[in-house]
Amino acid sequence: MDLHEESQVQFDLDAIVKRGYINALVDNNSISYFIYKGHPMGYEYELLKLLADHLKVDLKIKVTSGIERAIEQLNNGEGDIIAFPLAITKALKNSVAFTHPHFNAYQVLVQRKPDNWRRLTLDQVNENLIRNPVDLIGKEIHVIAGTSHAMRLRNLSEELGGDIIIREDTVNSESESLVRKVALGEIDYTVADHTLAHVNVSYYPILDVQTVLSMPQQIAWGLRRNAPNLLETINQWLTKIKKGPTFMVIYNRYFKSPRTSLMRMNSDYSSLGGNKLSQYDILIKEGAEKLGWDWRMLASIVYQESKFKTGDESWAGAQGLMQLMPETAKRFGAKDVYDPVENIKAGVNYLRYLDRYWTQRIANEEERMKFILASYNAGLAHILDARKLAEKYGKDPQHWNDVEFFLLKKTDPKFYKDPVSKAGYCKCEEPVNYVKDVLARYEEYKLHIKLPEADEQVVQNLNASK
């Protein structure tokens, strides 16, 4: 890639606000962004959510790997911000505009302790490790192409007067993949920022990350160079948030809590260490099979309703994992609404009813899902009113965006007192946001929770048959 390549798109802050969302390119690592117990987490993710709220737009995440690939995606419009822990360098300034720094980091050598290191003294361990960078001459070190780590090793070779053998892995490699390879004994050395390296030591105690290879470097996010208004706004926001406690709370949560990091890494309910969302995954998968859905969609609904907590009851009296009203639960087969098996069964039966209802009325599958979700949240009556209003005012009752517009109008007497509006007043921001949130979470689950090949084929076959 040509690091001097200019952006192929003109898309600054005003266009992002008008579009209604910001696209963030996020690195695939155990700190930036992951799913834990069904909930998205991560240093970059939490800050990006705060930023999106500040900009009054939605946040869309695109997981990518490799700095060169991320810059290419940024400059061709696939993303608006590279939310990587980027080291500010002169070379990268030719391709991206850096935000104000988040923090400083220095580069360390990642190497493996002797296999019997627990039985050795500290001096004996150190004797088996590289502590002086000059001893790297002639050694083979793997780094990801295009990173500040590769640049540092080239400069270090010059400074030492001898060649370090630099192996640059594909630009699509994950940032932690080489650290993992060192821990597993597949390669001997790599380089990482000390922040990420120290977190990984909690996962892999056999790693040593005490040998420093660089001076402190400023870590920041990257934007297109032709988006000055977005840059200025983010810098103002970043300056403000760093003056309060929020920034350090988020920083400490991911960089200064090794026990918590290890717990997340080892949890079956973390996308870092497992492929599960909750202890109810089997029930959810069985329900999704009856619906003919991807189970991650049903899981997103359950999380939206109860965050996988069986004992929850809403202010309106909705109960259990799928937050069913007592009469709805009884109608669709739940005797004990707090029993996870019965609650999910009744919720699935209700969704099947809604699915059959809307299948007869909405041809497009993606549009139909939005009507199903809105009806599950708010009931059929208000959704039907909004469709009738859309039709009356010359809009498309098959298209959710048109129907959503009139759903939000049901606080206005002109619309909720209209003769076609049978259900009356509705403060309907909730079902509108519900649809948006469930679908966004489903996309997040698809990024991190992979289907077995057989299940993936089933989903593909279902989609092809619809």
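Attention in this report is confined to the structure presented alongside it. (Residues numbered from 1 in each chain as written. Predicted model: local features only at pLDDT ≥ 70, side-chain atom pairs only at ≥ 80, totals over all residues. Heavy atoms only, no water.)

1. Considering the state of the cysteines
- Taken as a whole and judged by the stated rule, the model has one disulfide.
- Between Cys426 and Cys428 runs a disulfide, and the two sulfur atoms are separated by 1.8 Å. In this structure the cystine formed by Cys426 and Cys428 twists about its S-S bond by roughly 110°; its chirality is therefore right-handed.
- Owing to a relative accessible area of 10%, Cys426 belongs among the buried residues under this scheme.
- Residue classification places Cys428 among the buried residues on the basis of a relative accessible area of 1%. (Disulfide = S-S within 2.5 Å. Buried < 20%, exposed > 50% of the residue type's maximum accessible area, 1.4 Å probe, protein only.)

2. Some words on the pattern of salt bridges
- Following the criterion strictly, the structure yields 19 salt bridges and no others.
- Two residues, Glu46 and Arg253, come together in a salt bridge whose shortest N-O distance is 2.6 Å. Remark: Arg253 occurs in helix α10 (residues 246-255) and Glu46 occurs in helix α2 (residues 43-55); sequence separation between them is 207 residues.
- Residue classification places Arg253 among the partly exposed positions, given a relative accessible area of 31%.
- The partner of Glu443 in a salt bridge is Lys446, with the nearest N and O atoms 3.2 Å apart. (Salt bridge = Lys/Arg side-chain N within 4 Å of Asp/Glu carboxyl O. Helix = DSSP H or I, 4+ residues; strand = E, 2+ residues; numbered from the N terminus.)

3. Thoughts on the packing of aromatic side chains
- All chains considered together, the criterion is met by 24 aromatic pairs.
- Seen in terms of ring centroids, Tyr303 and Phe308 are 5.5 Å apart; in terms of plane orientation they differ by 65°. Their pairing is edge-to-face. Residue Tyr303 shares its accessibility class with Phe308, and that shared class is buried.
- Relative to Tyr425, the ring of Tyr416 has its centre 5.3 Å away and its plane inclined at 85°; by these criteria the two rings are edge-to-face.
- An aromatic cluster is built from Tyr43, Phe103, Phe247, Tyr251 and Phe255, whose rings are joined through pairwise contacts.
- Of note, Lys113 hangs over the ring of Trp117, and the distance from its end group to the ring centre comes to 3.9 Å.
- Arg361 extends its terminal NZ or CZ atom over the ring of Tyr357, reaching a point 3.6 Å from the ring centre. (Phe/Tyr/Trp six-rings, centres within 6.5 Å; stacked < 30°, edge-to-face > 60°. Lys NZ or Arg CZ within 6 Å of the ring centre and 35° of its normal.)

4. What about unusual backbone geometry?
- Of note in the backbone geometry, Lys307 takes a positive phi value of approximately 55° without being a glycine.
- You can see Lys307 is positioned in the loop between α13 (295-306) and α14 (326-331).
- Note on Lys307: relative accessible area 48%, which makes it partly exposed.
- The residue Phe308 is not glycine, and still its phi comes out positive at about 65°.
- Along the chain, Phe308 turns up in the loop between α13 and α14.

5. Topic: a positive patch on the surface
- Together, Lys290, Lys335, Lys345, Arg352 and Arg356 line one region of the surface with positive charge.
- With three residues, the top contributor of residues to the positive patch is helix α15 (residues 340-359).
- Note that Lys345 resides in helix α15. (Patch = residues over 30% accessible without salt bridge, like charges linked within 9 Å, V, L, I, M, F, W, Y side chains within 5 Å. Areas by Shrake-Rupley, 256 points an atom, 1.4 Å probe, with all protein chains shown as cover. Lys, Arg positive; Asp, Glu negative; His and termini not counted. Charge placed at Lys NZ, Arg CZ, Asp CG, Glu CD.)

6. Looking at the packing of α2 against helix α9 (residues 228-243)
- Where α2 meets α9, the closest approach of the two axes is 11 Å, and the angle between their N-to-C directions is 115°. In this structure, α2 meets α9 at a crossing whose hand is right-handed. Together, Leu47, Leu50, Leu51, His54 and Leu55 of α2 and Leu230, Thr233, Ile234, Trp237 and Ile241 of α9 make up the contact between the two elements.
- Of the residues in the contact of α2 with α9, the class split is eight nonpolar, two polar and no charged. (Axes fitted to C-alpha atoms, helices over the stretch in contact; angles between N-to-C directions. Left-handed = near helix turned anticlockwise from the far one by under 90°. Contact = heavy atoms within 4.5 Å. Nonpolar A, V, L, I, M, F, W, Y, C, P; charged D, E, K, R; others polar.)

7. Considering the packing of helix α18 (residues 400-408) against helix α20 (residues 429-448)
- The N-to-C vectors of α18 and α20 enclose an angle of 150°; their axes lie 9 Å apart at closest approach. If you check the angle between α18 and α20, you find them roughly antiparallel. Residue-level contacts link Trp400, Glu404, Leu407 and Leu408 of α18 to Glu429, Pro431, Val432 and Val435 of α20.
- Here the residues of the contact of α18 with α20 are counted per class, giving six nonpolar, no polar and two charged. (Parallel < 35°, antiparallel > 145°, perpendicular 65-115°, else oblique.)

These values are about where atoms sit, not about what they do.
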